[in-house]
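As a plain string of letters, each chain reads:
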Amino acid sequence: LGAVQEPPCRCDERRLAYAECHDQSLVGDQALAFRLMGAAMYDGMSAGAPPSPAVARGVALHKVSRLLTYALAADAYLNFVGNEFGHPEWVELPTGDNGHSFHHARRRWFLADDPGLRYAQLLAFDRAMHAAEASLRWLSSPPPTRGDVCADHPAQQLCFCRAGALFAFNLRHDSSADAVTRE
């Protein structure tokens, strides 16, 4: 929670926020979803079975990290294609280093199109975030300052208002927040 702070403001420049950048996918690094769930993404994303603890935690943190980033964004929010639904693999364009292979030079869109997989649920969440922003237009309002954010560090909870919406986040897996108060 200590990382939620005001960046040095160059207010004459537009600012873009993102939970993960395209470099992670393009240079063979792990995408956010894979870092959160690991290999469980390959056999634990069926919506027809209870999720493993790794998948349940990973899906929840994927959603929270993206919504928190979006809600705190200054002027715009960016998503790299495929990461909105937790694409499990990187993108590697053909080069001499990989024998000019096209094996990883693709996105497996069918994962998000299959309602029997949790990838479809992640895509639905992404679409719901965009619909909420289109309705509330929080990116058109000033981003919250540090003074606008109520943070309870021991409880790992934070909340703030923006564009008439209350954003409340509980980052503890072992407790819930019954009430949020502003001191």
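To keep things clear, this report deals only with the structure shown in the data block.

Here is what the cut-offs are and how they apply
- Residues numbered from 1 in each chain as written.
- Predicted model: local features only at pLDDT ≥ 70, side-chain atom pairs only at ≥ 80, totals over all residues.
- Heavy atoms only, no water.
- Core = buried A, V, L, I, M, F, W, Y, C linked by side-chain atoms within 4.5 Å.
- Buried < 20%, exposed > 50% of the residue type's maximum accessible area, 1.4 Å probe, protein only.
- Helix = DSSP H or I, 4+ residues; strand = E, 2+ residues; numbered from the N terminus.
- Contact = heavy atoms within 4.5 Å.
- Pairing = 2+ DSSP bridges.
- Axes fitted to C-alpha atoms, helices over the stretch in contact; angles between N-to-C directions.

**Here's the deal with the nonpolar core**
Judged by nonpolar contacts, the single largest core of 17 residues is most densely connected at Met37, Met41, Met45, Val55, Val59, Phe85 and Tyr119. The set of elements that each furnish at least two residues to this core consists of helix 2 (32-37), helix 3 (40-43), helix 4 (53-72), helix 5 (110-113) and helix 6 (118-136). Looking at this core element by element, the count peaks at five residues for helix 2. Those residues in contact with valine 55 that lie beyond four places of it in its chain are Met37, Ala40, Gly44, Met45 and Arg118. Counting residues in hydrophobic clusters, the runner-up holds 15 residues, among them Tyr70, Leu158, Ala165 and Phe169.

**Overview of the sheet that holds strand 5 (residues 165-170)**
Pairing is antiparallel across the open sheet formed by three strands, whose spatial order is 3-4-5. Since the sheet does not close on itself, it has two edges, and those belong to strand 3 (150-152) and strand 5, each with one partner. Going across the sheet, the axis of each strand differs from the next one's by a mean of 10°, ignoring polarity. The pairing of strand 3 with strand 4 (residues 157-162) spans three bridges and is classified as antiparallel. Bridging across to strand 4, alanine 151 finds its partner in leucine 158. Here helix 4 sits on the sheet in contact with strand 4 and strand 5, set at roughly 40° to strand 4.

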